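# Coordinate inspection notes
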Amino acid sequence: MTPARFRTALFCCSAALPALALWPGNAGAGPSKSFRVTTYKEFAEGQEQGVLLSSQGDALSGFTATRLALPSLSDDSVRAMVAAPDGTVYLGTGGEAPSILAYVQGKPALRTLARLATTTWVSALCLLPNGEILAGTAQDGRVFAVGKDGKSRVYAKVEGDHVWALLHDAKRGVTYVATGPGKLFAVDKAGKAQKVFDSGARQILGLAQGEDGSLYVGSADDAVLYRVEWNGSTAKVRALHDFSGNEVRAVARSGAAIYVAVNDMQKSGGDSAGGPSRGIKITPLPAGSTPGNNGPRPGGSTDRQGKGALYRVDADGRIEQLHAISDGFFNALYADPEGNLFAAASMPGGRGKVYWVRPDRTVLTALELKESDVLSLSFGPLATATATAGAKGKEGAKERLVGTGNSGAVYRVEWEAPKDANYLSKVFDGLYPSRWGSLRYSGTGPLKVETRSGNLVKPDSTWGPWQGLEKLLPTPAPGEIGGKVASPMGRYLQVRVHFGGKAVLHDFTVSYQPMNQRPRITEIQVGDDPLGRVARVARGTGAGGTAAKPRLPLVKLRWKVENPDEDELVYRLYVRPLRQEREGQTGGEGWLRLGGADPLTKPEYEWNTESVPDGVYEAKVVVSDERGNAAEQVLTHEMLAPPFVVDNRRPELWVSYDLKTQRITGKAQDAVSPLSELSYAVDGGDFLPVAARDGVIDDLVEEFAFPLVRLGAGLHTVVVRAIDGADNVAAVQLVVRTKD
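Parameters and conventions
- Residues numbered from 1 in each chain as written.
- Predicted model: local features only at pLDDT ≥ 70, side-chain atom pairs only at ≥ 80, totals over all residues.
- Heavy atoms only, no water.
- Pairing = 2+ DSSP bridges.
- Helix = DSSP H or I, 4+ residues; strand = E, 2+ residues; numbered from the N terminus.
- Axes fitted to C-alpha atoms, helices over the stretch in contact; angles between N-to-C directions.
- 1 Å grid on protein atoms, 1.4 Å probe; cavity = no way out; pocket = protein on both sides within 12 Å on 5 of 7 lines; lining within 4 Å.
- Points joined across faces, edges and corners; volume = space filled by probe spheres on them.
- Nonpolar A, V, L, I, M, F, W, Y, C, P; charged D, E, K, R; others polar.
- Salt bridge = Lys/Arg side-chain N within 4 Å of Asp/Glu carboxyl O.
- Buried < 20%, exposed > 50% of the residue type's maximum accessible area, 1.4 Å probe, protein only.
- Phe/Tyr/Trp six-rings, centres within 6.5 Å; stacked < 30°, edge-to-face > 60°.
- Lys NZ or Arg CZ within 6 Å of the ring centre and 35° of its normal.

## A word on the sheet that holds strand E16 (residues 183–187)
- Across the sheet, four strands lie side by side as E14-E15-E16-E17; this open sheet has antiparallel pairing. Looking at which strands have only one partner, the edges of the open sheet turn out to be strand E14 (162–169) and strand E17 (193–198). Taking each pair of neighbouring strands and ignoring which way they run, the sheet shows an average axis angle of 25°.
- Here E14 pairs with strand E15 (residues 174–180) via seven bridges, running antiparallel. Note on E15: the bridge partner recorded for aspartate 169 is valine 174.

## Some remarks on empty space enclosed by the protein
- In the structure shown here, the tally under the stated rule is two cavities of 30 Å³ or more.
- Its volume calculated, the second largest cavity comes out at about 50 Å³.
- Looking at the second largest cavity, the residues that line it are Tyr259, Arg312, Leu322, Gly339, Leu341, Val357, Arg358, Pro359 and Arg361.
- Tallied by class, residues from the lining of the second largest cavity come to five nonpolar, one polar and three charged.

## Overview of the pattern of salt bridges
- This structure, assessed with the given rule, holds 27 salt bridges.
- A salt bridge links aspartate 212 to arginine 227; the nearest nitrogen and oxygen atoms lie 2.6 Å apart. One end of the pair, aspartate 212, is in the loop between strand E18 (203–209) and strand E19 (215–220); the other, arginine 227, is in strand E20 (residues 224–230), and 15 residues separate them in sequence.
- Classification of aspartate 212 by relative accessible area gives exposed; the value is 55%.
- For arginine 721, the salt bridge identified is with glutamate 677, shortest N-O distance 2.8 Å. Residue arginine 721 is found in strand E54 (residues 714–724), and its partner glutamate 677 is found in strand E51 (residues 675–682); the two are separated by 44 residues along the sequence.
- With relative accessibility at 11%, the residue arginine 721 sits in the buried group.
- On the accessibility criterion, glutamate 677 (27% relative accessible area) is partly exposed.
- Here the residues in one salt-bridge network are Arg312, Asp314, Asp316 and Arg318, joined through shared partners.

## Structural notes on the packing of aromatic side chains
- Scanning all chains against the criterion turns up 20 aromatic pairs.
- Their ring planes at 70° and their centres at 5.3 Å tell us that phenylalanine 43 and tyrosine 423 sit as a pair that is edge-to-face. One end of the pair, phenylalanine 43, is in helix H1 (residues 40–44); the other, tyrosine 423, is in strand E33 (residues 422–424), with 380 residues separating them in the sequence. Accessibility classification places phenylalanine 43 together with tyrosine 423 in one group, the buried group.
- By the ring-pair criterion, three or more aromatic residues cluster together here, those being Phe35, Phe43, Tyr423, Phe428, Trp436, Phe508 and Tyr512.
- In this arrangement the basic side chain of arginine 358 is found over the ring face of tryptophan 356, its NZ or CZ atom lying 6.0 Å from the centre.
- Between arginine 721 and the ring centre of phenylalanine 687, over which it is positioned, the NZ or CZ distance is 4.0 Å.

## What to know about the pairing of strand E24 (residues 305–313)
- By the bridge criterion, nine bridges tie strand E23 (residues 257–266) to E24 in an arrangement that is antiparallel. Considered in E24, the bridge of asparagine 263 is made with glycine 308.
- Here E24 runs beside strand E25 (residues 319–325); their pairing, made up of six bridges, is antiparallel. Within E25, the position partnered with leucine 310 by the bridge is histidine 323.
- What sits between E24 and E25 in their antiparallel hairpin is a turn of five residues, with glycine 317 showing a positive phi close to 95°.

Shape is all these values report; function is a separate question.
Okay, structure coming up:
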């Protein structure tokens, strides 16, 4: 394994866009982009066959897994395994007739040793010194003894519904039985059960024995790890740690170290498997964590979701998280004498995995199987096995098996890379039809890189064939290899790497150039009219002005833009009087460009309308992606705003007073925008509304009349006001005399 390296990663998000069939020769969109795979998390998004994925961000030649057929179709899962000193591995299954299977080293097939008188499943196995196999069952709380001749008998019946773990203590001559509800029993040779510890929890799932003979017990639904010292009559119990999950699923030992698999299980409805969840703390490794998983739970339910973590507990009490999966849980552990830890896990609707945590804390995905649930393991010491591969030494000769559920299967694992070892990347999405450039990778050993491309997110017959790299390229870094991608233009790309012998792939990067996408103007807003009172009038800053607070001639133009490929955009804004088109001017004639010679960089502009005469105008906005693309690849789009009125002049206002009738009459007129308000005020009071003669104030010319009533006799000051749609204000002041 190579030392960890500092790396960066570039990701591209996918989007649902239609695929195109034809593309122009030059269709680039600015600087080229790239996909890079360099971390554990990024590698784990693909699929590996005979390839290990390392937490340091490497893919390397892995192990060979050969699928063995189960003797009976009724064997729907393999939930427990135990290896005998002679190399025979015994397996416990579930189904209509739970069985004990035997795998003899060198034999090509499994054989049924015994069928048990129960209808649930074998949940735990261990060996007695006389060669008998003890099998614990779920839902009926019995322990069966099975001889090498296949004959079985009930060995013990304990107080509980389920037997989750068995451990034989040769020194004391008893077998420890972990049950649900959460109790621990010691069963002697005569099958008599004695209660050692009552945790008060719903289940005791994990059980291991320390170097000094003490027991390490893991519970659910409170996820507590206990240390139990039992002298044959009384027990001394100490809680070592209360994990932030709801079950300690498995416990294993290597030397003085204790390894623990902790899960936080959720029901399909989102509730925790045993009351409110405290939420397991998932602390990803430096390179990230892997996808989640799902699988059968105690009780046989397969509708659970969860997340899990692996911990190491040292003799001095130090607890260290080794690995975490963010959407799944662990099912079984195996720790060898050299400190290698193997953990069986499940994937919801995906591929079950076996993780390998090495003594230096490096985490690898050792196996990925087509079954979604990996439930049981039987591994020998890794160092001895790899050093004596193919030899007949005592340790090197032991078979290493993996059992699965959903559906049930057994795999024989060999510590040699398979001939067809390969890594298949996820499907990379260029978002748009893309031209593929170079692919550069770094690694050691024989590696062969291929690519294929297409326009459907799921590869099918419409995709192009796998093709090797063309035209090897010079590379700046030692150990790096580069070549041109031969796959044709398309939206999607997939990479496949073949591993020969002892090969290691550190990372790879694919460069690509997506087709340039046209930016589009979708809406133009001229001026501010928050109340929507007058249509087609460009109301300026300070709309709603009065004589005391007049409006300003500054009109803000805004526009909305769609920018699919997020290019840097610029804008050009034009206006012209609408009448010019009516007079026969076409094309670009008559347009006045606003903002100066340089294009605008923001989708808005504040226009001082005093620079043009009053009248009806139209505006045009042109968007361009010229800042991010070569000249021959630039795309533009333009849009016209609906015609609008520019009006900076006050209305004209004529008023008169008839002393006899004590009525004020008048007329207001504006050149370009309809009137919006008529009002009057007496002696500095509030302005009161005046009705138009035709009943609606909405024309360029409005006549009006109103009486002065309820005023005392004498002189009064009357101000009559008219406001047009652009908030221009006209006012006339009269001094009038009223009668008694």
